[in-house]
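Given next are the chains, with one letter for each unit.
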Amino acid sequence: MSVEIDGRTLRLSSLDKVLYPETGTTKGEVLQYYAQVAPVLLEQLRDRAVTRIRWPSGTGGPSFFEKNVPRGTPAWIRTVTLPAPGSTRDRETITYPVIDSVAGLTWLGNLSALELHVHQWRVCADGDPLPPDRLVVDLDPGPGAGLAECAQVAMWARDILCDMGIGDLWPVTSGSKGLQLYAELDGTHPVSVVREVAQGLAVALEAGHPTLVVSSMVKAKRGGKVLVDWSQNTASKTTICPWSLRGKFGRPTVAAPREWSELEDAAAGRVTLQQLGLHEALARLP
């Protein structure tokens, strides 16, 4: 079927295809979700190159990462060509889409691009990368730990960052196992400085709370602990975009912004913090 969105004509296919077998959630429902969250999701995607994970047969089948824009990409999709250091396919550059409209989100959803991953920096009007505008700490629970432990570590991280004068902080449950903590930056510091701050934060958290925190990627050290992964602040790394769907499970979970009060209650054992599903995330729209 053909639809008109933002003045663009898109041809949509297989809207009744089930993409999440556990809940029977269809491609049409995925497209509807992305249209509903567009006001907040597009702000997170604004001026960021987007890496996608696509599930052509739904989350019960295989998936693949996609960085370059695919063949047949509409001419109206904004693109940016960036260097690709360390590319596994020996590419010198990668041409990414930059999504700035509901029509663009719909185009991605029609390709079963469920997960949208972005860098911690944006591009300027001519496509050059800007300094990072946020720092991210990825809190990944090892075996025997969970979201309650991640919540506690996030609060410790908040205290340290606030003492450093970085106070605009917001947590996001990842839609997978753990959560991310974002710190808004003024965009004046190079990637190397932001990476050093994130690494220093991870080391300080481990030193202060060695029974619960680990900063090393070595899996053998992670039992019962939370990995504070600082490495996603390098120029080439991406994280799941807040408000993006996830394809990890047979049900549609979301990388959902949360309130600090929820984390405080979870760390104190007053509530059980859980990953949010599609409908729960929609209910939280501002």
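Residues numbered from 1 in each chain as written. Predicted model: local features only at pLDDT ≥ 70, side-chain atom pairs only at ≥ 80, totals over all residues. Heavy atoms only, no water.

Participant: I'd like a description of the sheet that holds strand S5 (residues 50-54), backed by residues and values.
Facilitator: As summarised here, the arrangement of the four strands in space is S6-S5-S9-S15, forming an open sheet in which the pairing is antiparallel. Here the strands that pair on one side only, and so sit at the sheet edges, are strand S6 (64-66) and strand S15 (239-240). Relative to S15, strand S9 (residues 113-118) is paired through two bridges, and the arrangement is antiparallel. Considered in S15, the bridge of His-117 is made with Ile-240. Helix H1 (residues 27-45) contacts S5 and S9 of the sheet and is inclined by roughly 5° relative to S9. (Pairing = 2+ DSSP bridges. Helix = DSSP H or I, 4+ residues; strand = E, 2+ residues; numbered from the N terminus. Contact = heavy atoms within 4.5 Å. Axes fitted to C-alpha atoms, helices over the stretch in contact; angles between N-to-C directions.)

Participant: Which residues make up the nonpolar core, and what are the values?
Facilitator: Where a protein is soluble and globular, its nonpolar side chains tend to be buried together. Counting residues in each nonpolar core, the largest one holds 38 residues, and the members touching the most others are Tyr-33, Tyr-34, Leu-41, Leu-45, Ile-99 and Leu-105. Among the elements of the structure, strand S1 (2-5), strand S3 (18-20), H1, S5, helix H2 (102-110), S9 and helix H6 (278-282) are those that each provide at least two residues to this core. The element best represented in this core is H1, accounting for 10 residues. Not counting chain neighbours up to four residues away, the residues in contact with Ile-99 comprise Leu-42, Leu-45, Val-50, Ile-77, Gly-104, Leu-105, Trp-107 and Leu-108. (Core = buried A, V, L, I, M, F, W, Y, C linked by side-chain atoms within 4.5 Å. Buried < 20%, exposed > 50% of the residue type's maximum accessible area, 1.4 Å probe, protein only.)

Participant: Give a description of the packing of aromatic side chains that names residues and reports values.
Facilitator: For the structure on display, the rule yields two aromatic pairs. Residues Trp-170 and Tyr-182 carry aromatic rings whose centres are separated by 4.9 Å and whose planes lie at 25° to one another, so their mutual orientation is stacked. Placement of the pair is Trp-170 in strand S11 (residues 169-173) and Tyr-182 in strand S12 (residues 179-184), with a sequence separation of 12 residues. Of the two residues, Trp-170 and Tyr-182, neither departs from the other in class, the shared state being buried. Residue placement shows Arg-158 over the ring face of Trp-260; its charged tip is 4.4 Å from the ring centre. (Phe/Tyr/Trp six-rings, centres within 6.5 Å; stacked < 30°, edge-to-face > 60°. Lys NZ or Arg CZ within 6 Å of the ring centre and 35° of its normal.)

Participant: Describe the side chain of His-117, listing the residues and the values that go with them.
Facilitator: With respect to the element layout, His-117 can be found in strand S9. Its relative accessible area of 9% is what places His-117 among the buried residues.

Participant: Account for the side chain of Gln-44, naming residues and giving values.
Facilitator: Take Gln-44: it is sitting in helix H1. For Gln-44, the residues in contact, after removing those within four places along its chain, are Arg-122, Arg-134, Trp-170, Cys-241 and Pro-242.

Participant: Just give me the short version of helix H4 (residues 191-208), but keep the residues and values in it.
Facilitator: For an α-helix, the turn length of 3.6 residues means that residues three or four places apart are oriented alike. The end-to-end C-alpha distance of H4, which contains 18 residues, comes to 26 Å, matching closely the 26 Å that a straight helix rising 1.5 Å per residue would cover. Residues of H4 that are buried: Val-191, Val-194, Ala-198, Leu-201, Ala-202 and Leu-205. Projected onto a plane normal to the axis of H4, the buried residues spread over an arc of 95° and lie on a single side. Within H4, the exposed residues directed more than 90 degrees away from the buried face are Glu-196 and Ala-207. (Expected span 1.5 Å × (residues − 1). Arc of directions from axis to C-beta.)

Participant: Just give me the short version of the packing of helix H3 (residues 147-163) against H4, but keep the residues and values in it.
Facilitator: At their nearest, the axes of H3 and H4 sit 10 Å apart, and the two run at 120° to each other. In terms of orientation, H3 and H4 fall into the oblique class. Seen from above, H3 lies across H4 with right-handed handedness. Residues Val-153, Trp-156, Ala-157, Ile-160 and Leu-161 of H3 pack against Leu-201, Ala-204 and Leu-205 of H4. Partitioning the contact of H3 with H4 into residue classes produces eight nonpolar, no polar and no charged. (Parallel < 35°, antiparallel > 145°, perpendicular 65-115°, else oblique. Left-handed = near helix turned anticlockwise from the far one by under 90°. Nonpolar A, V, L, I, M, F, W, Y, C, P; charged D, E, K, R; others polar.)

Participant: An account of the environment of Val-254 is needed here, citing residue identities and associated values.
Facilitator: Following the sequence through the fold, Val-254 ends up in strand S16 (residues 253-254). Overall, Val-254 belongs to the buried group, its relative accessible area being 0%. A C-alpha to C-alpha distance of 24 Å links Val-254 and Lys-225, two positions 29 residues apart in sequence. Beyond its immediate sequence surroundings of up to four residues, Val-254 is in contact with Tyr-33, Thr-173, Ser-174, Gly-175, Trp-243, Ser-244, Leu-245, Leu-276, Gly-277, Leu-278 and Ala-281.

Participant: I'd like a rundown of the sheet that holds strand S10 (residues 134-141), residues and numbers included.
Facilitator: Overall, mixed pairing links the six strands, which are arranged S13-S14-S10-S12-S11-S17 in an open sheet. At either end of the open sheet lies a strand with only one pairing partner, and these are strand S13 (213-214) and strand S17 (256-257). By the bridge criterion, five bridges tie S11 to S12 in an arrangement that is antiparallel. Along S12, the bridge assignment pairs Pro-171 with Leu-181. Running at roughly 65° to S11, helix H5 (residues 260-267) makes contact with S11 and S12 of the sheet.

Participant: Which residues make up the packing of H3 against H5, and what are the values?
Facilitator: Running from N to C, H3 and H5 cross one another at 120°; their axes reach a closest spacing of 8 Å. Classified by the interaxial angle, the pair formed by H3 and H5 is oblique. H3 and H5 meet at a crossing whose hand is left-handed. Each of Ala-148, Ala-151, Gln-152, Ala-154, Met-155 and Arg-158 in H3 lies in contact with H5, whose residues at this interface are Trp-260, Leu-263, Glu-264, Ala-266 and Ala-267. The residue makeup of the contact of H3 with H5, split by class, is eight nonpolar, one polar and two charged.

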